[in-house]
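Tertiary structure, described
Read off the chains here:
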Amino acid sequence: MNSNIHYAISGELHSEELGQLLQSVKMNAYSDEKRNRIISGSTAYVTARDAGSLVGFGRIISDGATLAYINNMAVSPQYQRQGIGQTILETLMRIAKDVTSIYLYTNTADALYIRYGFKLSEKRLYILRNS
Ligand SMILES: CC(C)(COP(=O)(O)OP(=O)(O)OC[C@H]1O[C@@H](n2cnc3c(N)ncnc32)[C@H](O)[C@@H]1OP(=O)(O)O)[C@@H](O)C(=O)NCCC(=O)NCCS
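Only a predicted model underlies this, so the values are computations on that prediction, with no experimental measurement involved.

Considering the overall build of the protein chain
- Looking only at helices and strands, the protein chain has four helices and five strands in total.
- Its C-alpha atoms give the protein chain a radius of gyration of 14 Å, near enough to 14 Å, the size a compact globule of 131 residues would have.
- Viewed in the frame of its principal axes, the protein chain has a C-alpha envelope of about 40 × 35 × 25 Å.
- Relative to its full complement of 131 residues, the protein chain shows a buried share of 23%.
- Considering only contacts within the protein chain whose residues lie at least 6 apart along the sequence, 57% involve residues at least 24 apart.

And the structure:
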């Protein structure tokens, strides 16, 4: 556990620093415009900072009752495996504690989500990709 990390819910966040973090973990960093929509349009997001620098992020989109979707979980490579992703996930799960189902997709950190009770879906999941 890294105790120097400061966590915030939907606190100050700039598109550029989010872009740099997503790029650092080789995730789609989107355009500046889309990142601003991620920041303003999410139900909530969690930031993790070390001395002011953004080192972790995760967000949730939800109707607050029936479903929630966790997305864009990212921890800067030098900060991985120190419990930051876990703390971000716990915070997002607390935000969605009254929601019937929480969804997420991962192809990298299955063990993290399994540890928190997520089950691999037996249902077919369809996606229409516009871009
Ligand atoms: C996935 C990610 C957000 C996890 O953040 P993190 O701060 O490294 O996670 P934690 O330190 O809290 O790890 C908690 C547990 O998750 C699992 N885990 C984390 N990263 C993992 C990885 N890359 N591969 C397999 N398991 C992983 C482990 O079980 C870990 O526990 P352990 O360290 O005791 O073995 C981070 O590794 C990341 O940004 N990865 C690249 C981007 C990515 O794939 N994002 C999509 C995730 S849905």
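Looking at the sheet that holds strand S4 (residues 67–75)
- The five strands are arranged S1-S2-S3-S4-S5 in an open sheet whose pairing can be described as mixed. In this open sheet, the two edge strands, each paired with only one partner strand, are strand S1 (6–9) and strand S5 (101–103). Neighbour-to-neighbour, the strand axes of the sheet open up by a mean angle of 20°, direction not taken into account.
- Along the sheet face, helix H3 (residues 84–95) touches S1, strand S2 (44–50), strand S3 (53–62), S4 and S5 and points at about 30° away from the line of S3.

Looking at the pairing of S3
- The buried count for S3 comes to seven of 10 residues, which makes it a mostly enclosed element.
- Where S2 lies against S3, seven bridges are found, and the strand directions are antiparallel. Among the inter-strand pairings, Val 46 is bridged to a residue of S3, identified as Gly 58.
- Linking S2 back to S3 in an antiparallel pair, the connection comprises two residues, with Ala 51 at a positive phi of about 50°.

Remarks on the environment of Ala 111
- Mapped onto the elements, Ala 111 comes out in helix H4 (residues 110–115).
- You can call Ala 111 exposed: it has 8 C-beta atoms within 10 Å.
- Taking the C-alpha atoms as reference, Ala 111 lies 21 Å from Arg 124; in sequence the two are 13 residues apart.

Focus on the nonpolar core
- In terms of nonpolar packing, the biggest core is built from 22 residues, with Ala 48, Ile 60, Ile 70, Ile 84, Ile 88, Leu 92 and Ala 96 touching the most fellow members.
- Mapped by element, the contributors of at least two residues to this core are helix H1 (15–24), S2, S3, S4 and H3.
- Non-local contacts of Ile 88, meaning those with residues more than four positions away in its chain, are made with Val 46, Ala 48, Gly 56, Gly 58 and Met 73.

Let's talk about the site of the ligand
- Looking at the ligand, there are 17 residues lining it, with Gln 80, Gly 85, Gln 86, Thr 106 and Leu 112 nearest.
- Elements supplying a minimum of two residues to the shell around the ligand: S4, H3 and H4.
- Taken together, the residues of the shell around the ligand break down into nine nonpolar, seven polar and one charged.

As for the packing of H1 against helix H2 (residues 32–41)
- Direction vectors running N to C along H1 and H2 enclose 100°, while the axes themselves pass 9 Å from each other. One finds that H1 runs roughly perpendicular with respect to H2. The segment H1 lies against H2, with Ser 15, Leu 18 and Gly 19 engaging Asp 32, Arg 35, Asn 36 and Ile 39.

Concerning unusual backbone geometry
- In the Ramachandran plot, Lys 26 falls in the positive-phi region, its phi being about 60° despite a non-glycine side chain.
- Mapped onto the elements of the fold, Lys 26 is located in the loop between H1 and H2.
- Non-glycine residue Ala 51 carries a positive phi angle of around 50°.
- Considering the arrangement of structural elements, one finds Ala 51 in the loop between S2 and S3.

So, how was this worked out
- Residues numbered from 1 in each chain as written.
- Predicted model: local features only at pLDDT ≥ 70, side-chain atom pairs only at ≥ 80, totals over all residues.
- Helix = DSSP H or I, 4+ residues; strand = E, 2+ residues; numbered from the N terminus.
- Rg over C-alpha atoms; globule rule 2.2 N^0.38 Å.
- Buried ≥ 20, exposed ≤ 12 C-beta atoms within 10 Å, placed from the backbone.
- Contact = placed C-beta atoms within 7 Å.
- Pairing = 2+ DSSP bridges.
- Axes fitted to C-alpha atoms, helices over the stretch in contact; angles between N-to-C directions.
- Core = buried A, V, L, I, M, F, W, Y, C linked by C-beta atoms within 7 Å.
- Near = placed C-beta within 6 Å.
- Nonpolar A, V, L, I, M, F, W, Y, C, P; charged D, E, K, R; others polar.
- Parallel < 35°, antiparallel > 145°, perpendicular 65-115°, else oblique.

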